[in-house]
Amino acid sequence: MSTSSGSGSENKPNFTWQYQTKFDKVKPKPPLVKNLLWAFMVGGLICTIGQAIQNFVVEFGFGKQEASALTAAAMIFLGALFTGLGVYDELGKRAGAGSIVPITGFANSIVAPAMEFKREGYVFGIGAKMFVIAGPVIVYGTVTAVVVGFIYWMLH
Amino acid sequence: MDKKRGEQSIVFGNPPVITSTAVIGGPMEGSGLLSAYFDKVMEDNIGDQSSWEKSESYMLEWVITTAIQKAKIAPPEIDYILAGDLLNQLMATHFAVRSVGRPFLGLYGACSTMAQSLLVGAMILDGGFGKNIVAAVSSHHDAAERQYRYPTELGVQRPQLAQWTVTGAGAAVLAATGDGPKVTAATIGKIVDPGLQDPNAMGPAMAPAAADTMWRHFKDLNRQPSYYDMIYSGDLGTIGKTLLIQLLEEKGIPLSGNYEDCGCMIYQAEQDVHAGASGCASSALVLCGQLYKLLLTGQLRRILLVGTGSLHSTTSYQQKETIPGIAHAVAIEV
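For every chain, the first residue of its written sequence is number 1, and the numbers climb from 1 along that sequence. Starting at A for chains and at 1 for ligands, labels are handed out in the order in which the entities are written. Owing to the predicted nature of the model, reporting of local features is limited to residues with pLDDT of at least 70; listing and counting of side-chain atom pairs is limited to 80 or more, with chain, interface and lining totals taken over all residues.

**As for the overall build of chain A**
In terms of helices and strands, chain A carries eight helices and zero strands. Strands are runs of DSSP state E lasting at least 2 residues, helices are runs of H or I lasting at least 4, and numbering of each runs from the N terminus. Overall, chain A shows an N-to-C arrangement of helices and strands of α-α-α-α-α-α-α-α. Taken over the C-alpha trace, chain A has a radius of gyration of 23 Å; the compact-globule value for 156 residues is 15 Å, which it surpasses by more than 25%. The C-alpha extent of chain A, read off along each of the three principal axes, is 80 × 45 × 40 Å. Three exposure classes are used, all based on how many other C-beta atoms lie within 10 Å of a residue's own C-beta (placed from the backbone): buried at 20 or more, exposed at 12 or fewer, and partly exposed between those limits. The buried share of chain A, reckoned over its 156 residues, is 22%. Think of it this way: build a C-beta for each residue from its backbone, and any pair within 7 Å is a contact. In chain A, 57% of the contacts between residues at least 6 apart in sequence involve partners at least 24 apart. Only the C-alpha atoms count toward the radius of gyration. The rule for a globule is 2.2 Å times the residue count to the power 0.38.

**Looking at the overall build of chain B**
On a plain count of helices and strands, chain B comes out with nine helices and 15 strands. Against the globule reference of 20 Å for 334 residues, chain B gives a C-alpha radius of gyration of 18 Å, in line with a compact fold. For chain B, the spread of C-alpha atoms along the principal axes amounts to about 55 × 50 × 35 Å. The contacts of chain B with a sequence gap of at least 6 include a subset with a gap of at least 24, amounting to 79%.

**Some thoughts on the pairing of strand β5 (residues 80-84) of chain B**
All names here are of chain B. Counting buried positions along β5 gives five out of five residues, so the element sits mostly inside the fold. Every second residue of β5 is oriented toward a common face, with Tyr80, Leu82 and Gly84 on one face and Ile81 and Ala83 on the other, all of them buried. Two strands form a pair only when DSSP identifies at least two bridges running between them. Inspection of the sheet shows β5 paired to strand β7 (residues 132-139) by five bridges, in the parallel sense. Within β7, the residue paired with Tyr80 across the bridge is Ile133. Here β5 runs beside strand β6 (residues 104-106); their pairing, made up of three bridges, is parallel. In the strand pairing of β6, Ala83 is matched with Gly106. You can see the chain leave β5, run along helix α3 (residues 91-97) and come back into β6, and the turn it takes is right-handed. The crossover handedness rule: strands pointing away from the viewer, path from first strand over the helix to second strand clockwise, crossover right-handed.

**Regarding the nonpolar core**
Residues B:Val63, B:Val134, B:Ala136 and B:Ala171 are the most contacted members of the largest nonpolar core, which totals 111 residues. If you tally residues by element for this core, the top one is helix α8 (residues 280-297) of chain B, at 10 residues. Mapping this core onto the domain boundaries places at least three of its residues in each of domain 1 (4-175) and domain 2 (182-333) of chain B. Contacts of B:Ala171, omitting those with residues within four sequence positions, involve B:Thr21, B:Ala22, B:Val63, B:Ile64, B:Ala67, B:Val134, B:Ala135, B:Ala136 and B:Cys288. Core membership is restricted to buried Ala, Val, Leu, Ile, Met, Phe, Trp, Tyr and Cys residues, and these are joined into a nonpolar core through C-beta atoms within 7 Å. Ranked by size, the runner-up nonpolar core spans 11 residues in total, among them A:Ala80, A:Phe106, A:Ile110 and B:Leu154. Residue ranges for the domains trace back to a domain assignment, done automatically or taken from a database.

**Notes on the confidence of the model for chain B**
By definition, pLDDT measures how confident the predictor is in each residue, and it falls between 0 and 100. Counting all residues, the mean pLDDT for chain B is 95, and 100% of those residues have values of 70 or more. In the predicted complex, the global pTM is 0.92; the interface-specific ipTM is 0.84.

**With respect to helix α5 (residues 141-148) of chain B**
Within the span of α5(B), buried status applies to B:His141, B:Asp142, B:Ala143, B:Ala144 and B:Arg146. Those residues of α5(B) that are buried are in contact with α6 (103-116) of chain A together with α2 (52-70), β7 and β8 (164-165) of chain B.

Quick look at the structure:
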């Protein structure tokens, strides 16, 4: 076009801003009520199953801490199992945070890439890609724990 | 003879003819709106193959060989194959074309590749550099998901803006002479970057490029939108389509009833794909399937296909780059 490069670069942010405004006007809103209901129901259901398992384990005479560990293991197993069966992504599509936040979601985030990248082999596929989603959570979770631990140590 | 018109358009001296097409769709596309026009529907997304990528190559190879058969010519009569897909280094295309054994040029225009390959093919034929060309593209939902987004089994919620990558492939045989719809004119698009950064907002990121190419096309060729029976954009989706109509209206080109987006023609509403279809196969399934048949029966006589491509990569958006768009227009007339 005949406009000089100078005026072109001046026009650009203006166009971007105008277009962003136009885009924001037509951008669809997420169906909040439906999403919240799904997240609440599915998240609640997963937690209820976890509580039921814990109560069941306590019945066998395990202490509270042992029961918690056993429950977490059982929930991780279930999360992995339902990912393998191809059900967890269908659930996550609807429930969002309801199925991501519980520990079953953490299992899903590790098993899903492990399944997906098996075709690239056990080392560069599964081994390298397994923590592609969960890795950052583990890294920053550990960093946060260290920082909080340090603050706790300073205060006491 | 000078075939260039205006700044970005060309009019072919001897318009090449689309002598045959072939289309394959995945199971989801098979239960969509266009299945009646498909030559084959896959039972599932992987078939007998061992990976999504191999499955995509299989589909592309299948449409290339089927289109050649349907054109009633032998593979050695094909002078060039022009093809592309969405995977890194055109993986699906290269492994598909490997066994066909014909001269090959790989093209990358993201989802605009169907229009791109048709217009480059038409230029080659009109230039007298060959007699028969295959233009073909493919895309695969799961192969694209794992490359651009997340592992397929990860339980993530897709935003309402998201578009569904089409699993399928389409091929067209272009010939210098013969019977059938002709590629009469084309407009080669410029990269237009409206500055959006959300990789889910591909339709909205491509709409300004589509608007620019359409506006150029009408200006260069001194045509009105009403010249065409129908104008189709490649894969803008519902939101991109709304934005394109607004942008063209501002440029003084109101698109009346003769405009539709291929991305809004593939899936049924209850298939829950949100903002429509995307991928190279979006415009390929519509063009090589429905539109080609409607052109053959004369129900459509003049169409403009505006293939749209979103030129980002996983690296570019992780480095916080914006999403550049491109669009190429191809006029097909009976």
